[in-house]
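The residues making up each chain are set out below.
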Amino acid sequence: MYIMMKAVYSHQVRKKVIARFLELTKDNPPNPAVKVHSTHTECGKLVTIQIEEVAPENLGQRMGEYMKTMMKYEDIEGFEYEVKGTFSAEEGLKLIE
C-alpha cells in the first residue's frame, strides 16, 4: 500500500512553501519508505507529489501524521493539499479479480 500526498500552490508562494519544507525536515533523515518525491507544473501552479510505501496496518497512523504535517502549511495563502491511501497496480488488480 501507499500514501500519496499532493500539494498545489502558486508560484508566488513557492519561497514560503520551500522555506517551510526545509524547516520541517531539517532534523529528519531521508525516509527510505518514500518512493517518489516530485514537483511539476499543472494549470499554471506548482504541484508536489510524494508517495510513501506503508504497511496496511500502519496506513491510518501515517495518514494522520501526514495530515498534521500538511496543516503546518495552512497559513500560506492558496496552499492546498490532499492525502490518500492507494494501491500498487498489483494490489489493485487483486481486489477486482
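It should be emphasised that the depicted structure is a prediction, and the values quoted were computed from it without experimental measurement. Counting of residues starts from 1 at the beginning of each chain's written sequence and follows it residue by residue. Residues qualify for local features only when their pLDDT is at least 70, as the model is predicted, and side-chain atom pairs are given and counted only at 80 or more; totals for whole chains, interfaces and linings, by contrast, use all residues. Hydrogens are left out, water is left out, and the side-chain values use all remaining heavy atoms of the structure.

What follows deals with the overall build of the protein chain. Helix and strand assignments follow DSSP, with helices taken as H or I runs no shorter than four residues and strands as E runs no shorter than two, numbered in order from the N terminus. Across its full length, the protein chain holds three helices and four strands. Order of helices (α) and strands (β) in the protein chain, N terminus to C terminus: β-α-β-β-α-β-α. Across its three principal directions, the C-alpha atoms of the protein chain cover 45 × 35 × 20 Å. Looking at the protein chain as a whole, 28% of its 97 residues are labelled buried. Total accessible area computed for the protein chain in this model is approximately 6800 Å², and 55% of it derives from carbon and sulfur atoms. Accessible area is worked out with a 1.4 Å probe on protein chains only. A residue is then buried under 20% of its type maximum, exposed over 50%, and partly exposed in between. Only the protein chains shown count as cover for residues, and all accessible areas are computed by the Shrake-Rupley method using a 1.4 Å probe.

Once that is clear, we can look at the pairing of strand β2 (residues 34-42). Every other side chain in a regular strand lies on the same face of the sheet, so the side chains alternate between the two faces. The rule for pairing is simple: two strands pair if DSSP sees at least two bridges between them. The pairing of β2 with strand β3 (residues 45-53) spans eight bridges and is classified as antiparallel. Along β3, the bridge assignment pairs T39 with T48.

Quick look at the pattern of salt bridges now. Oppositely charged side chains are able to pair whenever their charged atoms sit close together. For this analysis, a salt bridge means a side-chain nitrogen from Lys or Arg found within 4 Å of a carboxyl oxygen belonging to Asp or Glu. Counting across every chain of the model gives seven salt bridges. One salt bridge connects E53 with K35, and the closest N-O pair in it is separated by 3.7 Å. Separated by 18 residues along the polypeptide, E53 in strand β3 and K35 in strand β2 bring together distant segments of the chain. Take K35: its relative accessible area is 48%, and that puts it in the partly exposed class. Between K94 and E90 there is a salt bridge, and its shortest N-O distance comes to 3.7 Å.

The next thing to look at is a nonpolar patch on the surface. A patch consists of residues whose relative accessible area exceeds 30% and which take part in no salt bridge; residues with like charges are grouped when within 9 Å of each other, and nonpolar side chains (Val, Leu, Ile, Met, Phe, Trp, Tyr) when within 5 Å. Together, F87, L93, L95 and I96 line one region of the surface with nonpolar side chains, adding up to about 450 Å² of accessible area. The class of L93 is partly exposed, set by a relative accessible area of 48%.

The next thing to look at is the sheet that holds strand β4 (residues 80-86). Judged by pairing direction, the sheet is antiparallel, and its four strands sit side by side in the order β2-β3-β1-β4 without closing on themselves. Looking along the sheet, the strands with just one partner apiece sit at the ends: β2 and β4. Averaged over neighbouring strand pairs, the angle between their axes works out to 15° when direction is ignored. Here, residues are in contact when the closest pair of their heavy atoms is within 4.5 Å. With axes taken as lines fitted to C-alpha atoms, and helix axes fitted only over the stretch in contact, angles between N-to-C directions fall between 0 and 180 degrees. Sheet strands touched by helix α2 (residues 59-71): β1 (2-9), β2, β3 and β4. Its angle to β4, the strand with the most contacts, is close to 170°.

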